[in-house]
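# A closer look at the structure
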Amino acid sequence: MAELPSGLLEACVVVGASGDKLREIHQLQLLSKLKDLPQLEAEVLQVHAPPFVSKEASSNHLTGPAFSRIQRRKSFIKKKRRDRPAEATANGEPASRVEGASTTEDISVPKDLDLIALPQLCFPGGLQLAREQREDSYHYLVFTDLFGNRSHGVVVQYYRAVQSFQESGIQNGHRGNLSKSRLYTPFAVCVISKFPYYNALRDCLSCLLVHLRLGRQSEFEEKVKEFSAKLSLVPIPPPGPLHVLFSLRPLQVVLPSKEHQDRPVIDIDLHLPFLCFTCTTLLQVLSCVLQEQRLVFFSADWAKLTLVAESLLLYLQPLSWQQPYVPVLARGMLDFLMAPTAFLMGCHISHFEEVAAETEDLILVNIDDGNIQSSWSETIELPTIPLNAADSFISRAECLQLHYDLELCHLGVGTDANELRCQRRDWQRRLNTEIQNITLELVVNIFREVQDFLNYEHRVFNSEEFLRTREPADQPFYKKVLDTHIFHSFLRERLNRKPDAFSRMELNTRNNAQRMRGMTESPRRPPMSELSRSGYTSYTSPEDRLSRRLGASLPNLDQPASDSLPKISNRPASLRKITPDAGLKFPQKVVKVFRLPEFPPPLAYQYVQNYYSDMVISLGKAISASPSDDSALLARYHYLRGLVNTVSNRRLDALEDFQSLYKTDSDIFPSQMVKSLVDSLLESERIQADRRPELKHLISRVKRDQERERSRNGREQEEDAVKRFQLPKKHMQLEEFVKCVQESGIVKDQGTINRLFDALTVGHQRQVAPDLFRVFYTIWKDTETEAQEVCLPTSVLEHIEPSECVFKLSSSVKTSRGVGKIAMTQRRLFLLTDGRPGYVEVAQYRDIEEVKVSSAPFLLLRIPSLKLRVRGRKEAFEANLKTETELWNLMAKEMWAGRIMADQHKDPQYMQQALTNALLMDAVVGSLQSSKAIYAASKLAHFDRMKMEVPMMVPKTTAETLKHKINPSLELAAPQAVDVLLYTPGQLWVSLSGGKVMVFDASSWSLTHTCLQVGNARLNCMLGVDKDQVWMGSEDSVIYIICMMSMVCNRQLTEHRAEVTGLALGKDKYSHKVAYSCSAEGTVMVWDVATLQVKKQFRLSCGRLLSVSNYNGTLWCCSRDSIMEVWRNGSLKNRLSLLEQHKGSTTLFSSLLLLPEIEELWSVSVDSGEVCVWHLTDTSKPYQRVVLQDCTGCYCMIRVKNQVWVGGLGRSSGKGKIYILDMEGHLVLKELHGHSDRVTALCSAEDRYVLSGAAKHDGKIAIWKVE
């Protein structure tokens, strides 16, 4: 049996006093023997849960037609009236069915529905009779099961007169005063749902009360059951831009959808806490929630308790409250407050003094008065939210428009109630979105820097280092929060790289410095411009705080203006920069509303089936009427139709809808439901499905996913693990040492760690003792702290770049330029003079000509000194560094060599690596404290050794053409091959192994999107299809479609049956835009870009098909063994191949390039170092071959202006080479040497720059200037 989707209703429960007790009290009232009305015990009177109707049990495969999961049921004993046929009330109606004499009934209810506690929660203040009619009262409940799953309830209490046949008789011979003897008893109707539709369910209950008041009391139970059955027919809309509307008369009720898959349903007025508390108090409450305190909310209005508590928890999304949560505690449940664990609960204000006096360590939040205090004092002594985040939150909150009346000032008085409600909903939705953005930004500002202290490979969070780099005043807050369950869950999601609302906003609100951080890896140091403002001892101004990443920021290695990176557009490098007084403005998304058909008689099976048929027809019309390019809306309609077809047992139709959904938006694909649906197929249905290729492919994919799920189950525990970094307790071999250093956050590069291991094990066995590592780690961190405590005066800061950091200071020494401390930054050495601090330039690393150890005379002694010769200066600089001389000699040489390498290769990472090496030398010397310390440190002189062993000169042509290098694998554990490069206006897309995609801002070459995961297989090709789409062909036979605006992959084309190898754009014979795709086994497909439908497909007989190109009405397809010209109908027009006589085999093609202006086709091969040029009019053989000197094979080729760029592999060097050929003269113009492995990808950026990517031993991207 297929698992049915959840609908709006889980259960509807009626709670009230027993009929026997009501009659007894009513008798006393009539006899005037009742002075005070007693409180009665509430009990369950009715329970209604789906399914309400089902087809006759002739087929075991058919299920009841309602949106309800097949739930495990349990027995519940409830009192039931005994029919009294002779009784009648004063108005002639039969006595109420719920007020008759009672027996017991054994009923079946959902397993996780607790009917024992429910009566108390429906009447949390007790069930109180009244002598006058009272207003209806609503409140809201939250139920949590043992597994942490929540259900939500909306309760309405309404009063009804207690009637008896005795009212029409004569009491003791006299007619009593009926008006004075009338009693009113409350009944509670509780609607329970898996989804927090508080406003919608309140509206539903309001409609129910209208019908109950108009009907007779004898119809009460039937009307409630009919009401429940209608709600069970309402489907829940999927996440995205489609809401569901249904009519219950007299109101139209709207179910809003989730905004995103990872966000909860919002059907609540999120601004209520802003009306109850000041912003400062609100931040105090949120701080207590984040610290998992024992919180109790109080109010005289039961409804406020849940609404305010739910709003506060929504404010902290995606952080999720993990502790006990009972927003409404009935009077008999106050002992819950004695629980020793953290919790969030709510009580009536009348219990405030009692709770405060008898319980300890509670945070008491008075919603009515808008204040917060502890149970032991009237103040809160807990740490507050960090000031920078709090300032931003308050400034944004002050800009909110919280009063709806101000929106109505310019409007007339509406006469249509549903129209007025619609206007109010739209206003509330806009306000809720603003509040969500503001509170999400608060969470991002609090926890933004957490990710800088994560090691994803080993799943480690360096909490000590994170705490150390916080502002002193913020550290108590973070110490508390870091030990909470809520933060642990958040950490797990960060380590899993969950693409949720937090990660999206964190990315969108990075400033330029934070974006540039992703470009280089170096030890954490704050730039001097930040240190000079803060001194690291006090808070900076709010403007500086928000963009500041002090302890976690990476040094900015931008070249001076003269050496700046090439820029392709004038677009600012930072998408957004947060400022405290600027509101977060995000475009309001357009939302469609789907109206459900009018409800049928809900307790008749055939009528319900007709209702579903009507809904399928309506959804079909909506699909036909929707624009073909609005894939998000189409996906939601397919989702709903798939649900309806599932519950009405149209399984194959449901699978077709889910297949269409998978193609248009895989994010909302209900995999578990489809798996259950596939498992429930009858044999005849399976045969039919096998005849439909789309369904057959879907079923096979479901089975593959099941296999993958089973194999992944063993890794679930590993994916949930979050470790804190700890110093080792035993000796470490190389493998353990590498892991430990990576976890510590000191350095990630394995080559550097290997050299560090060599350094620490000089003269010892090949293992590092735990004591030695602890000393080394302590010195490393102490050096960081010392650098952060350096506060340079303004007179010194004027001479250095704002982004520079002081990484190392010597002791005070005598030099040839005065007495002071030598400071090392990432750009230069300078002397910080003693006395009145002053600046004396020693050398910029690129200007150094010689570094050597010397000795200076002092009386009869010779003191070791460091001597530097600098370009443009006659006299050498000499410093009497004494015992520090050898260390500074090593560090200065390494920085000098790193600068030379960085300048020649236009790669700032060389400088970062040299800086890391120098600081590691310092820590090694400090930790070893032996005669071999300098020799050990020299093991880390990587670039200085390269400079001595191999020539460092880059060929002049390469140096002139190369502008910059970037490393897309920087945040990964090891270098990855660059498989595909794609330039779209303003962005560079980089595909790495395993479906990883990096996106760079082309104005600054800074990383904007880290590691988008597009499937799990290698990507073979990428294509910019229009302004908002990038198509990516994968080894797993899927074409993934990325939305460039949201950077989300939610559409997939799954028609190919082998790996997709090529993509191209073109126009069909009607000039409509189409896309071409090819797969390895020879299939070519033509796609309608607007509808994503296959217009035509055919299969070619060839070896591995590599690419497809469109030209002049024909397609040119390149395979390993031939190049084919194909008519649009798939028939072969021409085939080209190269038979090498001396090899006796066919050359393996790798790429082709069409040059229609000169009617030529160029081809290259993986096993040949030449370019073959063919005439399009005569393709019998190439009319010219251009030999590429010292080349073993070519892998990619592009055209740029009147040039052709070819990427290959050098024969003698075994390194990557790029050949630039003149398109018309067929001559090699340049040879470029920019990669240490073969060149695997090329792309052009507006014909101004060419970008090349290399295989995994290099893994970098070079940016070349086009002449």
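Remember, it's a predicted structure, so these values are computed and weren't measured experimentally.

## Considering the packing of helix α30 (residues 885–905) against helix α31 (residues 908–928)
Between two packed helices, the angle of one axis relative to the other and the distance separating the axes together describe the packing. As a packed pair, α30 and α31 sit with axes 7 Å apart at the nearest point and diverge in direction by 170°. Our classification of the angle between α30 and α31 gives roughly antiparallel. Along its contact with α30, which presents Leu887, Leu890, Met891, Glu894, Met895, Gly898, Arg899, Met901, Ala902 and His905, the element α31 presents Tyr910, Met911, Ala914, Leu915, Asn917, Ala918, Met921, Asp922 and Val925. For the contact of α30 with α31, the per-class residue count stands at 13 nonpolar, 3 polar and 3 charged.

## Quick look at the sheet that holds strand β20 (residues 723–724)
Spatial strand order, β17-β18-β20: 3 strands in an open sheet with mixed pairing. The two strands at the open ends of the sheet, each matched to only one other strand, are β17 (454–455) and β20. Looking at chain direction, strand β18 (residues 460–461) and β20 are connected through 2 bridges and run parallel. Its bridge partner being in β20, Val460 is matched across the sheet by Lys723.

## Observations regarding the confidence of the model for the protein chain
When pLDDT drops low, the exact placement of atoms in the prediction is not to be read closely. In this model, the protein chain carries a mean pLDDT of 83, and residues with pLDDT of at least 70 account for 85%. Predicted confidence in the protein chain is weakest over helix α18 (residues 542–547), with a mean pLDDT of 32, and strongest over helix α8 (residues 302–315), with 96. Contacts from residues 57–63, a stretch scored under 50 in pLDDT, to residues over four places away or in other chains number 11 contacts. When the criterion is pLDDT under 50, residues 80–102 qualifies, and its contacts beyond four places in sequence or with other chains add up to 52 contacts.

## Notes on the sheet that holds strand β13 (residues 325–326)
Strand pairing within a sheet occurs via backbone hydrogen bonds; the two strands may be parallel or antiparallel. Strand order in the open sheet formed by 5 strands is β13-β14-β12-β15-β16, with mixed pairing between adjacent strands. Each end of this open sheet is capped by a strand with a single partner; those strands are β13 and β16 (371–374). Examined bridge by bridge, strand β12 (residues 294–299) and strand β15 (residues 363–366) share 4 bridges and lie parallel to one another. Bridge pairing in β15 links Leu295 to Ile363.

## Structural notes on the environment of Glu875
If you trace the backbone, Glu875 turns up in the loop between β27 (861–870) and β28 (877–879). Taking C-alpha positions, Glu875 is 9.3 Å from Ser816, a pair spaced 59 residues apart along the chain.

## What to know about the pairing of strand β57 (residues 1249–1254)
Counting buried positions over the 6 residues of β57 gives 6, a clear majority of the element. Here β57 shows two buried faces, one formed by Tyr1249, Leu1251 and Gly1253 and the other by Val1250, Ser1252 and Ala1254. Remark: 3 residues form the turn of the hairpin made by strand β56 (residues 1239–1245) and β57, two consecutive strands paired antiparallel; Glu1246 in that turn has positive phi of roughly 55°. Relative to strand β58 (residues 1261–1265), β57 runs antiparallel, the two sharing 5 bridges. Paired with Gly1253 across the strands is Ile1261, a residue of β58.

## Some details on unusual backbone geometry
Omega for the peptide link from Pro50 to Pro51 comes to 0°, which places this bond in the cis form. Tracing the backbone through its elements, the reader meets Pro51 in the loop between β3 (43–48) and β4 (73–82). Along the chain, Gln317 connects to Pro318 via a cis peptide bond; the corresponding omega equals 10°. Summarising the element assignment, Pro318 is placed in the loop between α8 and β13.

## Overview of the pattern of salt bridges
A full pass over the atoms with the stated rule returns 48 salt bridges. Ionic pairing is found between Glu24 and Lys21, a salt bridge with its closest N-O pair at 3.9 Å. Remark: Lys21 and Glu24 occur in helix α1 (residues 19–30); sequence separation between them is 3 residues, near one turn of the helix. Look at Glu24 and you get partly exposed, because its relative accessible area is 45%. We note a salt bridge from Glu493 to Arg494, for which the minimum N-O separation is 3.5 Å. Here Glu493 and Arg494 have matching classes, each one buried. Connected through salt bridges with shared partners, the residues Glu465, Arg468, Lys781 and Glu784 form a single ionic network.

## Quick look at helix α4 (residues 198–214)
Its 17 residues place the ends of α4 25 Å apart at the C-alpha level, agreeing with the 24 Å of an ideal helix rising 1.5 Å per residue. For α4, the set of buried residues is Tyr198, Asn199, Ala200, Leu201, Asp203, Cys204, Leu205, Cys207, Leu208, Leu209 and Leu212.

## Here's the deal with the packing of helix α28 (residues 770–788) against α31
Across the interface, α28 lies against α31 with an axial gap of 9 Å and an inter-helix angle of 130°. As summarised for this structure, α28 and α31 are arranged oblique, according to the angle between their axes. The two elements α28 and α31 cross, and the hand of that crossing is right-handed. Only Leu919, Leu920, Asp922, Ala923, Val924, Gly926, Ser927 and Leu928 of α31 make contact with α28, whose side of the interface consists of Leu772, Val775, Phe776, Ile779, Trp780 and Thr783. Residue composition of the contact of α28 with α31, by class: 10 nonpolar, 3 polar and 1 charged.

## Details of helix α5 (residues 220–231)
Owing to its 3.6 residues per turn, the α-helix aligns residues three or four sequence positions apart on the same side. With 12 residues, α5 extends 17 Å between its outermost C-alpha atoms, agreeing within 8% with the 16 Å of an ideal straight helix rising 1.5 Å per residue. Of all the positions in α5, only Phe220, Val224, Phe227, Ser228, Ala229 and Leu231 are classed as buried. Those residues of α5 hidden inside the fold are in contact with β1 (11–16), β3, β8 (150–162), β9 (183–193), α4 and β10 (242–247).

So, how was this worked out
Residues numbered from 1 in each chain as written. Predicted model: local features only at pLDDT ≥ 70, side-chain atom pairs only at ≥ 80, totals over all residues. Heavy atoms only, no water. Axes fitted to C-alpha atoms, helices over the stretch in contact; angles between N-to-C directions. Helix = DSSP H or I, 4+ residues; strand = E, 2+ residues; numbered from the N terminus. Parallel < 35°, antiparallel > 145°, perpendicular 65-115°, else oblique. Contact = heavy atoms within 4.5 Å. Nonpolar A, V, L, I, M, F, W, Y, C, P; charged D, E, K, R; others polar. Pairing = 2+ DSSP bridges. pLDDT = per-residue confidence, 0-100. Buried < 20%, exposed > 50% of the residue type's maximum accessible area, 1.4 Å probe, protein only. Salt bridge = Lys/Arg side-chain N within 4 Å of Asp/Glu carboxyl O. Expected span 1.5 Å × (residues − 1). Left-handed = near helix turned anticlockwise from the far one by under 90°.

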